[in-house]
Amino acid sequence: ARAMQAALEREWTAVPVIGGEHIDGATTPSIDPTDIRRVVGTVVPATESDVDRALEVSTQAQPDWDRTPPAERAEILERAAALFEERGAELMALAVREAGKSIPDAVSELREAVDFLRYYAAGAREQFGNPQRLPGPTGESNTLSLHGRGVFLCISPWNFPLAIFTGQIAAALAAGNSVLAKPAEQTSLIAAHAVRLMHEAGVPGDVLNFLPGRGSLIGPRATADPRIAGVAFTGSTDTAWRINRSLAARDAQIASLIAETGGQNAMIVDSSALPEQVVLDVVASAFRSAGQRCSALRVLFLQRDIAPRVLELLAGYMDELIVGDPALMSTDIGPVIDMKSREALEAHAEAIAARGKLIYRCRLNGAPGHGSFFAPMAVEIDALDWLEGEVFGPVLHVIRYRARDLDNVIESINATGFGLTLGVQSRIDSGARAIGRKANVGNVYVNRNMIGAVVGVQPFGGCGLSGTGPKAGGPHYLHRFATERTLTINTAAVGGNATLLSLAPD
């Protein structure tokens, strides 16, 4: 607690780091969303020349890093995981101050980042450590090996400024790539500290380059360059489209794009569900992290028979929520990321409440007066097409449905084109499984909340407009960062098949 308090009071810095060299320049402030008068630290935004220099350095460094034995790359990532844990108070303090995360959410964020480092380290050993032997005719050996693609640009969001930032980088490094790391503008300080720890753990400075600053400058400059072999991106669908078009316009190697974008995430609750459990899971899914999770619940479909009781309990639970300073353990919900987000949410809240029926809106009972706080709300609407896109914040939209219309509900969810997360609450196992089969979504959660996917246990990622796959924290993720090579040797040309000598006689 003392270490975290000291970190909360410290002023932090984030500067471009290229080839291990720190680049000075004009600074911009990083603002605390809990109190926009408070400056958490300063950021030196990267310039276009910084991007060019980072591309030059990382391109030169990548072949040697790829030739580094995978076990050694894994050991470095594991040392980084240990440093993350050792310096966890500092990382959590930055998550609270810079990203407005509650202390429980900051703890979860740190754990996920550590899990990514260790999971991809294990993947480097298992998948890249030894070539896979393939079948072939007598007198011939065949092997398949995995190698890095080249230079990866990793673009991460502000809603998971440590976990997603670290996960993208760790996967790219584990596979033998060099990295240009571009954090979200709002959360550059925590990203800079993570990079410091990864360098301290042994990641070479020319292999991991850090480029804070404006995405509108750094992204186009890097993605248009033929030296970029791949992009790992988490953010909006519109930005993913722009990245894809930029990569496709080059007369260069066809780059790998790993994109995880948003979703119009729904939960379907039938009349067999337990109302108390439903409400607990709905509140966690819709409002935890101020609703600023890719996986957060946006639309609750309630079967009419159970709706009155569930909504009564939901309003009662929301009345108990404390919206306030995330540095206090008593706080349930902190601020949204910035005033721009708050203004967009307030505009939606006013419009949707006028058209629909307000169920309940929380009070800003513990919120400081100068923060970007938005009071969570639940509102009843008539149809999913009332929503033109994802509302990224703590707004829950409730739609009642009749049992005979369940297939229409699933069709309406699929028709949005998004496919990230879906919740199902039902005590009829066959019905829940049927919904899971019909819904075109990447992650289905039955009788639990829809957030907090665990690395290696619940690989996370969507389909359709919600992402390209493969799933982060899953067994296939590293392969998208790699290229495959086969080696075929005619052993008969040098005296026969040596493996035959080991065969036991009949």
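Cut-offs applied
Residues numbered from 1 in each chain as written. Predicted model: local features only at pLDDT ≥ 70, side-chain atom pairs only at ≥ 80, totals over all residues. Heavy atoms only, no water. Pairing = 2+ DSSP bridges. Helix = DSSP H or I, 4+ residues; strand = E, 2+ residues; numbered from the N terminus. Axes fitted to C-alpha atoms, helices over the stretch in contact; angles between N-to-C directions. Contact = heavy atoms within 4.5 Å. Phe/Tyr/Trp six-rings, centres within 6.5 Å; stacked < 30°, edge-to-face > 60°. Buried < 20%, exposed > 50% of the residue type's maximum accessible area, 1.4 Å probe, protein only. Lys NZ or Arg CZ within 6 Å of the ring centre and 35° of its normal. Expected span 1.5 Å × (residues − 1). Right-handed = clockwise from strand over helix to strand, strands pointing away. Salt bridge = Lys/Arg side-chain N within 4 Å of Asp/Glu carboxyl O.

Once that is clear, we can look at the sheet that holds strand 17 (residues 395-401). Sheet architecture is open: seven strands sit in the order 15-16-17-14-13-19-20, paired in mixed fashion. Unpaired on one side and paired on the other, strand 15 (357-361) and strand 20 (443-446) mark the two borders of the sheet. On average, adjacent strands in this sheet sit at an angle of 20° to one another, irrespective of strand direction. Sheet topology note: the strand 15/strand 16 (residues 377-380) ladder contains four bridges and is antiparallel. Each residue of the ladder has a partner; that of Lys 357, found in strand 16, is Glu 380. Of the strands in this sheet, strand 13 (266-269), strand 14 (299-303), strand 17 and strand 19 (421-425) are in contact with helix 13 (residues 406-415), which crosses strand 13 at around 175°. Its contacts with the sheet place helix 14 (residues 429-438) against strand 13, strand 19 and strand 20, and it is angled at close to 165° to strand 19.

Time to look at the packing of aromatic side chains. Across all of its chains, the model carries seven aromatic pairs by this definition. Where Tyr 120 meets Tyr 477, the ring centres are 5.5 Å apart and the plane angle is 25°; that geometry is what we call stacked. Highlighted residues: Tyr 120 in helix 5 (residues 103-128) and Tyr 477 in the loop between strand 21 (463-464) and strand 22 (482-490), separated in sequence by 357 residues. An identical accessibility class is assigned to Tyr 120 and Tyr 477; each is buried. Among the aromatic side chains, those forming a connected cluster through ring pairs are Phe 116, Tyr 119, Tyr 120, Phe 152, Tyr 477 and Phe 481. The ring of Trp 12 has Arg 10 lying over it, and the distance from NZ or CZ to the ring centre is 3.7 Å. One cation-aromatic arrangement involves Arg 361 over Phe 374; the distance from NZ or CZ to the ring centre is 4.5 Å.

With 17 residues, helix 3 (residues 70-86) should reach 24 Å at 1.5 Å per residue; the first-to-last C-alpha distance of 24 Å fits that figure. Among the residues making up helix 3, those that are buried are Pro 70, Arg 73, Ala 74, Ile 76, Leu 77, Ala 80, Ala 81, Leu 83 and Phe 84. Considering only its buried residues, helix 3 is in contact with helix 2 (48-67), helix 4 (88-99), helix 5, helix 6 (163-174) and helix 7 (188-201).

A few words now on the sheet that holds strand 22. The pairing of strands in a sheet comes from backbone hydrogen bonds and takes either a parallel or an antiparallel form. Read from one edge to the other, the open sheet built from three strands follows the order 6-7-22, with strand pairing classed as antiparallel. Looking at the sheet topology across the chains shown, the edges are occupied by strand 6 (132-134) and strand 22. Going from strand to strand, the sheet's axes swing by 30° on average, the running direction of each strand aside. Pairing between strand 7 (residues 140-148) and strand 22: nine bridges, direction antiparallel. If you follow Glu 140 over to strand 22, its bridge partner there is Asn 490.

We now examine the pairing of strand 9 (residues 178-182). Remark: a regular strand shows side chains that alternate across the two faces of the sheet. Counting buried positions over the five residues of strand 9 gives five, a clear majority of the element. Residues Ser 178, Leu 180 and Lys 182 of strand 9 are buried on one face, and the alternating residues Val 179 and Ala 181, pointing to the opposite face, are buried as well. Pairing of strand 8 (residues 151-155) with strand 9 involves five bridges; the strand directions are parallel. In the sheet register, Val 151 faces strand 9, and the bridge partner there is Ser 178. The β-α-β motif built from strand 8, the intervening helix 6 and the parallel element strand 9 has right-handed crossover chirality. Bridge analysis of strand 9 against strand 10 (residues 208-210) gives three bridges, and the strand direction is parallel. Paired with Leu 180 across the bridge in strand 10 is Asn 209. Between the parallel elements strand 9 and strand 10, the chain passes through helix 7 in a crossover that is right-handed.

Along the chain, Gly 41 falls in strand 5 (residues 35-43). Residue Gly 41 is classed as buried on the basis of its relative accessible area, which comes to 0%. In sequence terms Gly 41 and Leu 189 are 148 residues apart; their C-alpha atoms lie 7.1 Å from each other. Not counting residues up to four positions away in its chain, the partners in contact with Gly 41 are Glu 11, Trp 12, Thr 28, Pro 29, Ser 30 and Leu 189.

In this structure the tally under the stated criterion is 23 salt bridges. Notably, a salt bridge pairs Glu 200 with Arg 87, separated by 3.6 Å at the nearest N-O pair. One end of the pair, Glu 200, is in helix 7; the other, Arg 87, is in the loop between helix 3 and helix 4, and 113 residues separate them in sequence. Here Asp 105 and Arg 293 are joined by a salt bridge, their closest N and O atoms 3.4 Å apart. Separated by 188 residues along the polypeptide, Asp 105 in helix 5 and Arg 293 in the loop between helix 10 (275-287) and strand 14 bring together distant segments of the chain. Grouping residues by exposure puts Asp 105 and Arg 293 together as buried. Through salt bridges that share partners, Asp 32, Arg 38 and Arg 97 make up one connected network.

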